[in-house]
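# Secondary and tertiary structure notes
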Amino acid sequence: MLSVVTRHFMRQSANISPIMKAAEKTAAMLGRRQAQPGRMFAQQNSLANLPVPPLQQTLYKYLLALKPILSTEDYEATQAIVSEFGKPGGYGEKLQMGLILRSQKMENWLSDWWLDKAYLEFRSPVVMHVSPGVVFPRENYRGVEGQLDFASRLIAGVVDFKQLIDSNSLPVDYMSGQPLCMDQYYKILSSCRVPGVKKDSVVLYPPNKPDAPRHIIVAYNNHLFSLDVYDSNRKPLPLTELHSQLKRIVAESPFPAIPLNILTSEHRNVWGKIYKKMSKDKINRASFEEIKRSIFMVCLDKPVYSEETDHIENFAHHCAKQALYGGGSTANSCNRWFDKTLQFIVGADGDIGLQYEHCTAEGPPITALIDHSLHYAHNTPLDSRQTLSIERSAPKRLEFNLDRATLEVIDDAKCNIDSLGNDVQICCFSFEPFGKDLPKSQRISPDAFIQLAIQLAFFKIYGHSTATYESASLRKYKFGRTDTIRSATIESDSFVRIMMDQTKKPSEKAHQMRKAIQAHRENTNAAINGDAIDRHLLGLKLVAIEQGTNVPDIFMDTSYQTSVHFRLSTSQVPAKHDVTMLFGPVVPDGYGICYNPQEDHINFGVTAFNTARETDSQKFGQKLAESLLDMQYVLSKVPPQAKL
Ligand code: COA
């Protein structure tokens, strides 16, 4: 996910403020957590700083990654450029030295850059281009009573998770036996993206401050309410109290408000300018402040799904639209504040989900919070958490002063979200024949197996391999963030070709499958150990820009553009609950593919754009399911082999 950022980054050439100054600013802005004793940060001090990979290793791997996606002619031309860049005493070594210097001064040479380049300087709307949506399993209730009942329990569940974060008692996450950086948990609540005219910022209100926020924002009928979820002694409000406050919000908002909220779905420069202008007004400023400071947001959506008129199978599609962009201006897009890090969506028909703004965290901490909150909501009856003295604090409606010009932009923003919504093709499905149990039983990594199926699906449609991005977590290092597993490899390219060759025997196909899986696994291990190529190349380029020197030819080369034109932007985001995450493609002619492998099935969210004639998410979904079955068939014809 987020390879769009690399594309964006390649275009920008502005000077960047000196390294340490910028880093300190970001750390202060994010209230960066110093490791505290306690369960959650118990391993934090033992985490290593993010390393800088050796230059020659990256250049060698870069060429390997180009092979399956370039013509021989282009490849040879690029080989010469790469060799010039990497020659002893050449430009590459100079930039590498600059990057090493940065890494010696900072715990994580990437994370602050990534925050700026990948998110805050990215100017397209966060909707579809940045923020993923998550579809939760359907709840049993129908109607507003059940909606408010469930919303209260969900709110209490999130607050319960927050208690674990605030008390440092969340258990440390591990990956392949290694402890992971827990810093992102600290940033997903009480944080918000703030629009800027040229660059956004992000604010965080830490829980350990005396004036730490006690409220959430509830959206209903486009109205925004501030609702306390703690009393003045910082005790979570009882569920029954939350429930009656939500009822009050609904009763007080029978008619829709002017949909100012939709401005948060706009191009960032447009929204940044309006935000700046609106902030001159005291009332607006106070309301913005209340939103930014809120712990999270709950969107009580109006019903837009009808069992009578819509075929039941469309329910997943309906939920995906609500989670990804709110379904459009006449559905629930105006009942959102897309800058808010976490927006829980609670519909009137058991349709539940989440939309999250990406700049503070990757998917895994978010799904941990979802798992906890859903578990809590399902296991806590409404009247189970009573206290003797109930402190009542009425929900407070946020007020805004809008001038005529802003009202006009609101109309534009409604049209724009509808265009964006009409442009996206969503295919959310659960692949039922098997889950990660099948590859595991064959001693194969499920993730590598699914990635290979994605390669095969693409090849079935287009007849060639393409630049592919899979997110790999760098949370093994302090302040983590991600790198790219390039899933299109020389081995995967041979595999998809052999799979399509009717003359090849299953044993030959299985043999090549195992080779491709091994290559993928090696790339995965390299990526999570800080040895991938993409962030390193990005770092070298940023050093060149910081030093005010010419951007080296290696980045101006068309092969580099091809290599970061990720037609396949993919990510595994596992969760214990049966949720499906989805996000938009990062290039106009690409696909966004997210999957949550369960033991006996796999949830997929596939997106594409209608404006690209060559893409079709439904077709891709079908080919993906077909590819998984083809691979199962091949494996069924050969005995299991050594573990990969
Ligand atoms: N034989 C049998 N079982 C195997 C196996 C093998 N050869 N290889 C792996 N498995 C098992 C694992 O033990 C694990 O078991 P579990 O289900 O009990 O947990 C399971 O299969 C999953 O392993 P695998 O499919 O290989 O994936 P992974 O957990 O190693 O994850 C990445 C790979 C790349 C997804 C992960 O390293 C990562 O970086 N995740 C974060 C990505 C991210 O941040 N995404 C969000 C971006 S917003």
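Just above, that's the structure.
Here goes a summary of the coordinates provided. (Residues numbered from 1 in each chain as written. Predicted model: local features only at pLDDT ≥ 70, side-chain atom pairs only at ≥ 80, totals over all residues. Heavy atoms only, no water.)

Let us now look at empty space enclosed by the protein. Following the criterion strictly, the structure yields seven cavities of 30 Å³ or more and no others. Considering only enclosed or pocket space, the second largest cavity measures out at about 60 Å³ in volume. Lining the second largest cavity are 13 residues, with Asp-301, Cys-319, Gln-322, Ile-345 and Asp-351 sitting closest to its centre. Residue assignment for the lining of the second largest cavity shows that the elements contributing at least two residues are α12 (315-324) and β10 (352-356). Considering each element in turn, the lining of the second largest cavity owes the most residues, four residues, to α12. Residue classes in the lining of the second largest cavity are distributed as five nonpolar, five polar and three charged. (1 Å grid on protein atoms, 1.4 Å probe; cavity = no way out; pocket = protein on both sides within 12 Å on 5 of 7 lines; lining within 4 Å. Points joined across faces, edges and corners; volume = space filled by probe spheres on them. Helix = DSSP H or I, 4+ residues; strand = E, 2+ residues; numbered from the N terminus. Nonpolar A, V, L, I, M, F, W, Y, C, P; charged D, E, K, R; others polar.)

Among the eight residues in strand β18 (residues 602-609), eight count as buried, and that is most of the element. Burial along β18 is two-sided: the residues Ile-602, Phe-604, Val-606 and Ala-608 and Asn-603, Gly-605, Thr-607 and Phe-609 are all buried. Bridge count for strand β12 (residues 424-431) against β18 is eight bridges, and the pairing is antiparallel. Among the inter-strand pairings, Val-424 is bridged to a residue of β18, identified as Phe-609. Where strand β17 (residues 591-597) lies against β18, six bridges are found, and the strand directions are antiparallel. When the sheet's bridge partners are listed, Pro-597 is paired in β18 with Ile-602. Between the antiparallel neighbours β17 and β18 lie four residues. (Buried < 20%, exposed > 50% of the residue type's maximum accessible area, 1.4 Å probe, protein only. Pairing = 2+ DSSP bridges.)

Now for the environment of Lys-199. You can see Lys-199 is positioned in the loop between β4 (191-194) and β5 (201-204). Looking at Lys-199, the relative accessible area reads 36%, which means it is partly exposed. With 69 residues separating them in the primary sequence, Lys-199 and Arg-268 have C-alpha atoms 8.1 Å apart. Every residue in contact with Lys-199, bar those within four places of it in the chain, is listed here: Asp-116, Leu-120, Glu-121 and Arg-123. Among the polar contacts listed, one links the side chain of Lys-199 to the side chain of Asp-116, at a separation of 3.2 Å. (Contact = heavy atoms within 4.5 Å. Polar contact = N/O pair within 3.5 Å; in protein donor to acceptor, adjacent residues only side chain to side chain.)

This next bit is on the sheet that holds β17. The sheet built from six strands is open, its strands ordered β12-β18-β17-β15-β13-β14 with mixed pairing. Only two strands of the sheet have a single neighbouring strand rather than two, namely β12 and β14 (482-485). Neighbouring strand axes in the sheet, compared pairwise and without regard to direction, differ in orientation by 20° on average. Each of β13 (468-473) and β14 is contacted by helix α18 (residues 506-528), which is oriented at about 165° to β14, the strand it contacts most. With respect to the sheet, helix α19 (residues 534-546) is in contact with β13 and β14, its orientation differing from that of β14 by roughly 120°. (Axes fitted to C-alpha atoms, helices over the stretch in contact; angles between N-to-C directions.)

Interpretation in functional terms is not warranted from these geometric data alone.
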